[in-house]
Amino acid sequence: MTDRSLPSREVSRASVGHPTEYQAQPAPPAPAAWDQDEETVDVRRYLTAIIRNKWIVLLGLCIGLIAGVLVHQSMNPVYSAQSTVWIDSDQGSGAGDAAPIRPGQLLTAGGWMDLMRSFTVLDPVVQNLRLFVSPEEPEHAGLFANFEVTDDVRSGSYEVRRAENGSALVLFDRQGTELDRASPGEPIGVEFGFDWIPDASAVNGTEPIAFSVSRPREVARGLYEGLDIQMQGTFMSVGLTGSDPVRTTRIVNGVVDRFTLVAEELKRSKFDELQGILEEQLEYAADNLEQAEFQLENFKVQTISLPSEQGTPVSPGLQQTQNPVFQNYFNLKVEQEEARRDRIAIERAMARSEERGRLATEALEIIPSVRESSDLMSALALASERRADLRALELRYTQDHPSVVDAREDVLELERQNIPALVSSLLREIDARLGDIDEFVGSATQELQQIPPRAVEETRLERQFESAENLFRDLQGRFENARLGAASTVPDVQVLDRAQVPETPSSDPRTRFLALAILAGIGLGLAGAVLRDRIDPTLRRPDQVTKDLGLPILGTIPHARSRNGKLRDEDHQQVVEAFRNLRLAVSYAHRGPEPMMVTVSSPGIGDGKSFTSSNLALAFAELGHRTLVIDGDVRRGTLHTLFGLDRRPGLTDFLGDGASFEEVVQHTAHETLWAITSGSRFRDGPELIGSPLMNRLLDEAAERFDRIIIDSPPLGAAVDPYVLSTLSGSMLLVLRNGATDQEVATTRLEELGRLPVDILGAVLNDVPSGAGAYKYYSYLPGYGVEGEEPRSSDKAPEPRLTAKV
């Protein structure tokens, strides 16, 4: 202890001002961040977390950059090749059309697109261009010029090498298993569906030839999905993208060439089928005409010598002129007979259609009543044309193809619904006409009813011959038109623009993937930073103290950086201002009797409680208050090192070794600051804290000092801080930014809540200056106090805070 005597509290009170002198000053306002709404606080929290965990963001950026570079190196630019096909949509309805040659458009717009994607088009392209084999190195493409596959080819990746002795070629899979061996000039891989005789001179002994083989139909399926087909009016564009511009262009041109060839063959086959159907009908009509002509001639020969009703011979046939009534009756009798015959013929033709499973068009078209029905004849002609279309489509497509299914449905609808309905309507008309004729004939006179049957028979045979002749001529004309159309078929499609090899890529996904990878890496880093903030158990934000712990923040101590073991002047000024602010806040927060007696503690070790208590005591001493700081940590107290004092005698020496109060109180370098160190280390030191002598020491200290600061052990270390806080009546809790565990602090506060202790508030220690929400606790740089030279040389220099973090 120094030679200065302990102060008298009464004398000191008269010489220095009491804190009550500035009680009229307003209390420091709460930080503006506490008044912000929850959304603003969350945004600031995320920004704070990102700034604090910027290394995670940088790590995510590096990962994304590396991944993007790897993808950039492994990918190739994309080239696009496109060709345009012109499709003739003329339906042949104009007067000047070559209708027999061009009876209408072959397919609809959707049908043309389906034909382009059909395997009838794609399979030959795959075979001709050998798309089913892909060498790993482009320079080996010439080796596969004669490579063919069978239907049972086995897909996979293979290698061809020369045997070690150089006398044979060996086929391996990618796992290195030998699959086949062949001498030069012999086929290899026959068991795996290869039809290939490789050029032995192109396979050296050091470098294997790697290639992959796929089934042609699977490659065609890939083309089906990859082709971009757009229909704009009469123009159809065909596009394809790929990494090899030459190969892509060859595929597009191969597809459109095959497409035009198939379309031409499809249309020619349509004319051929139509010609075959008309030829069959023409033969039937010729036979019917010949039979009608024979019957008429035979009838005339037999009746040439018979007399007429007036006694005059009939020459040639029955051609005499009758009166109007007789002639009308005669015509009706002929019409009646013809109508009955037509009805029987129609029913026989429909029965024949049911037996054959398809409509007997040729049998219906030769019936006179059918010929006189324009609707039924149009339907029959349409049915013949549609059936020809169906047969032509069946030659190119499977039975399940949409075009075949649609055409079959059209034919069935005509033959099973539309034409039978028209036939039924025609039968009803015939029945109605027979009824009218029967009524007229029944009311005629006996004389008119006795017209010889041969007159009726002759008229009927003449009409039958005339009808058969007209039918034959009509079918003959249609047959000639169809034959001419088959001979001069003009395709409905034509290649307008062939695909050209692109010189520049249409798109470069490498740049896009690189940017996406970088953005994904940054996003991953940001998510990691926010997630780390979410799962961080330590206290880092003011709202964790004010909302979660329910404590007011009395002050913040900024992070101080040292250089050569000393604080920088700027940091020193900030620490000084921080403790001045804390001194003011503690003075107003203390609601107990004078003198002020405060216990300083923290939830854990290393939170900075000794640093806070020593500098807070020094801040009160600088204001002129008689201040005593007591090192209540009898286990590991270090206040004596901060002030440069002796550890003994100290607190434990007073409590357990009989030392006097004057002996344990040591004067520091500051004029109004005294300290009681922790003292000697006793095993029962913690028990001495709760002894009556501790009450005696605090009572005697209260009589001599204005401010008493007790530095206690951490709350989680022992019961000592709880005992000291109940003796002092108040506690100041020190929380270290990024170090204090929030859950531990909550538990310790619950324990303190069961004791008669007034928790003044919390002090946030080691706060980064200007970081996120803590910017409200920063201090303006360059606004420190600069002292002038003292007027007398005997004036002591201003003591500095013992700031150690």
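Check the entry above for the structure.
Below is a short write-up of the structure.

**Concerning the pattern of salt bridges**
So, step 1. This model, assessed by the stated rule, comprises 20 salt bridges.
So, step 2. Residues Arg704 and Glu662 are paired through a salt bridge, measuring 3.4 Å at the closest nitrogen-oxygen approach. On the criterion of sequence distance, the pair formed by Arg704 in helix H23 (residues 692-704) and Glu662 in helix H21 (residues 661-664) is long-range, its members being 42 residues apart.
So, step 3. For Glu662, a relative accessible area of 33% corresponds to the partly exposed category.
So, step 4. Between Arg748 and Glu751 there is a salt bridge, with its nearest N and O atoms 3.2 Å apart. Residue Arg748 and its partner Glu751 are located together in helix H25 (residues 742-752), separated by 3 residues, close to a single helical turn.

**As for the packing of aromatic side chains**
So, step 1. Evaluated as defined, the whole model comprises 15 aromatic pairs.
So, step 2. Judged by centre distance (6.0 Å) and plane angle (70°), the ring pair of Phe147 and Phe211 falls under edge-to-face. With Phe147 in the loop between strand E2 (133-135) and strand E3 (148-149) and Phe211 in strand E8 (residues 209-213), this residue pair connects regions lying 64 residues apart in the sequence. Assigned by exposure class, Phe147 and Phe211 land together as buried.
So, step 3. Here the aromatic residues Phe132, Phe144, Phe147, Tyr158, Phe192, Phe194, Trp196 and Phe211 are joined through ring pairs into a cluster of three or more.
So, step 4. Residue placement shows Arg117 over the ring face of Tyr224; its charged tip is 6.0 Å from the ring centre.

**A look at the side chain of Thr612**
So, step 1. Positionally, Thr612 belongs in helix H18 (residues 609-622).
So, step 2. Of the residues examined, Thr612 reaches a relative accessible area of 0% and is grouped as buried.
So, step 3. Residues in contact with Thr612, not counting those within four places in the same chain, are Phe579, Leu582, Val734 and Val763.

**Remarks on a nonpolar patch on the surface**
So, step 1. A cluster of nonpolar residues, Trp55, Leu59 and Ile63, forms a patch on the protein surface that exposes about 320 Å² of accessible area.
So, step 2. Here Trp55 shows up in helix H3 (residues 54-74).

**Description of the environment of Leu693**
So, step 1. Tracing the sequence through the fold places Leu693 in helix H23.
So, step 2. Judged by relative accessible area, Leu693 falls into the partly exposed class, the value being 31%.
So, step 3. With residues near it in sequence (within four places) discarded, Leu693 still touches Phe654 and Leu655.

**So, a negative patch on the surface**
So, step 1. On the surface, Glu279, Glu280, Glu283, Asp287, Glu290, Glu293 and Glu297 cluster together to form a negatively charged patch.
So, step 2. You can see Glu297 is positioned in helix H7 (residues 245-303).

**Quick look at the nonpolar core**
So, step 1. Among the nonpolar cores identified, the biggest contains 57 residues, and Phe147, Phe194, Phe211, Val213 and Phe259 are the most heavily contacted of them.
So, step 2. When residues no more than four places from it in sequence are discounted, the contact partners of Phe259 are Val85, Trp112, Leu115, Met116, Val121, Met236 and Val493.
So, step 3. Within the second largest apolar cluster, 32 residues are counted, among which are Phe579, Leu582, Met596 and Ile709.

**Remarks on the pairing of strand E19 (residues 707-711)**
So, step 1. Burial runs high along E19: 5 of the 5 residues are buried.
So, step 2. As defined by bridge partners, strand E15 (residues 596-601) adjoins E19 across 5 bridges and the pair is classed as parallel. What sits directly across from Met596, in E19, is Arg707.

What counts and what doesn't
- Residues numbered from 1 in each chain as written.
- Predicted model: local features only at pLDDT ≥ 70, side-chain atom pairs only at ≥ 80, totals over all residues.
- Heavy atoms only, no water.
- Salt bridge = Lys/Arg side-chain N within 4 Å of Asp/Glu carboxyl O.
- Helix = DSSP H or I, 4+ residues; strand = E, 2+ residues; numbered from the N terminus.
- Buried < 20%, exposed > 50% of the residue type's maximum accessible area, 1.4 Å probe, protein only.
- Phe/Tyr/Trp six-rings, centres within 6.5 Å; stacked < 30°, edge-to-face > 60°.
- Lys NZ or Arg CZ within 6 Å of the ring centre and 35° of its normal.
- Contact = heavy atoms within 4.5 Å.
- Patch = residues over 30% accessible without salt bridge, like charges linked within 9 Å, V, L, I, M, F, W, Y side chains within 5 Å.
- Areas by Shrake-Rupley, 256 points an atom, 1.4 Å probe, with all protein chains shown as cover.
- Lys, Arg positive; Asp, Glu negative; His and termini not counted.
- Charge placed at Lys NZ, Arg CZ, Asp CG, Glu CD.
- Core = buried A, V, L, I, M, F, W, Y, C linked by side-chain atoms within 4.5 Å.
- Pairing = 2+ DSSP bridges.

Note that every value here comes from positions in space, so none of it alone points to a role or purpose.
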